[in-house]
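# Descriptive structure summary
Read off the chains here:
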Amino acid sequence: MSRPLLFLDVDGPLNPYAAKPERRPDGYTTLRVPVEREDGDLSSRRRPLRVWLDPEHGRILLRLGFDLCWATTWMGDANRWIAPVLGLPALPFVDFGDVLLRERPDGVHWKTGPVVEYAGGRPFAWVDDELSELDRAYVSAHHRAPGLLHHVDPRVGLRVDDFRALAGFGRSPGAPPATGLRA
Ligand SMILES: [Mg+2]
């Protein structure tokens, strides 16, 4: 039997961008990513994007029992910038194409439709800092296999409890969630 998918958002779960800016969280390292201008040039005049990553997270993610997949605005750039810091191999990614960052009038996250489509009926878990009940309802209505939408606070990023919840789902995707899950 194939393993469930784990869709990974970068900013929020892996990069706790909303943590206090003056204090990098323990265990994290700082990555500075040059910002591409409209004309495609890498400019030194624009401030690079600061990304905090915990290099331990890659090893943990690889052991959770999932096939990992990026579900992030970084799309393929996550393999260039994020994966090497975490010690992850290049991963497949959801290509959001035209709907990238395009808000939907019904309030469902713009990622949700493409994520469900990508899953193609396979059980999946998804970690993101922007999930709502509307996304859960969408997944219930459009995805016929188990799906765990696991919200992560962008002030703290992924923590032990999150990994525990994911590992539980990875072992038996159809089982009811353990108590103590964060919504
Ligand atoms: Mg995010």
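Everything numeric here is computed off the predicted structure, so don't read it as measured data.

Calculation rules
Residues numbered from 1 in each chain as written. Predicted model: local features only at pLDDT ≥ 70, side-chain atom pairs only at ≥ 80, totals over all residues. Heavy atoms only, no water. Core = buried A, V, L, I, M, F, W, Y, C linked by side-chain atoms within 4.5 Å. Buried < 20%, exposed > 50% of the residue type's maximum accessible area, 1.4 Å probe, protein only. Helix = DSSP H or I, 4+ residues; strand = E, 2+ residues; numbered from the N terminus. Donors = N, O, S within 2.8 Å, 3.2 Å for Na, K, Ca; no water. Arc of directions from axis to C-beta. Contact = heavy atoms within 4.5 Å. Polar contact = N/O pair within 3.5 Å; in protein donor to acceptor, adjacent residues only side chain to side chain. Lys, Arg positive; Asp, Glu negative; His and termini not counted. Salt bridge = Lys/Arg side-chain N within 4 Å of Asp/Glu carboxyl O. Pairing = 2+ DSSP bridges.

This brings us to the nonpolar core. For soluble globular proteins, the rule of thumb is that nonpolar side chains tend to be buried together. Of all hydrophobic cores here, the largest spans 30 residues; its most connected members are L6, L61, W70, I82 and L166. Elements that contribute at least two residues to this core include exactly β1 (5-8), β2 (29-33), β3 (49-53), β4 (67-70), α2 (77-86), β5 (124-128) and α5 (160-171). The element that contributes the greatest number of residues to this core is α2, accounting for five residues. Among the nonpolar cores identified, the runner-up in size contains 18 residues, and F7, A119, L131 and Y138 belong to it.

With that settled, consider the coordination of the magnesium ion. Distances from the magnesium ion to its protein donors, D9 (OD), D11 (O) and D129 (OD), fall within 2.1 Å. The sequence pattern describing where the donors of the magnesium ion fall on their chain is D-x1-D-x117-D. Overall, D9 belongs to the buried group, its relative accessible area being 4%. On the accessibility criterion, D11 (22% relative accessible area) is partly exposed.

This part covers helix α4 (residues 133-142). Taken together, the buried positions of α4 are occupied by D135, Y138 and V139. Buried positions in α4, seen along its axis, are confined to an arc of 95 degrees and lie on one side of it. Counted as exposed and oriented over 90 degrees from the buried face of α4: E133 and S140. Tucked into the core, α4 has its buried residues touching α3 (112-119), β5 and β6 (147-151). A distance of 3.1 Å separates the backbone nitrogen of L134 from a side-chain oxygen at the start of α4, and that oxygen is part of S132.

What follows is about α3. For α3, every residue scored as buried is listed here: T112, G113, V115, V116 and A119. Within α3, the buried residues cover an arc of 165 degrees as seen down the axis, which keeps them to one side. Those residues of α3 that are buried lie in contact with β1, β5 and α4. G120 lies just past α3 and shows a positive phi near 55 degrees.

Moving on, we get to the side chain of D135. Its place among the elements puts D135 in helix α4. It is R136 that comes nearest to the buried, bridge-free D135 among opposite-charge side chains, at 7.0 Å.

It is worth spelling out the pairing of β6 at this point. Inspection of the sheet shows β5 paired to β6 by five bridges, in the parallel sense. Bridging from a neighbouring strand, W126 pairs with L149 of β6.

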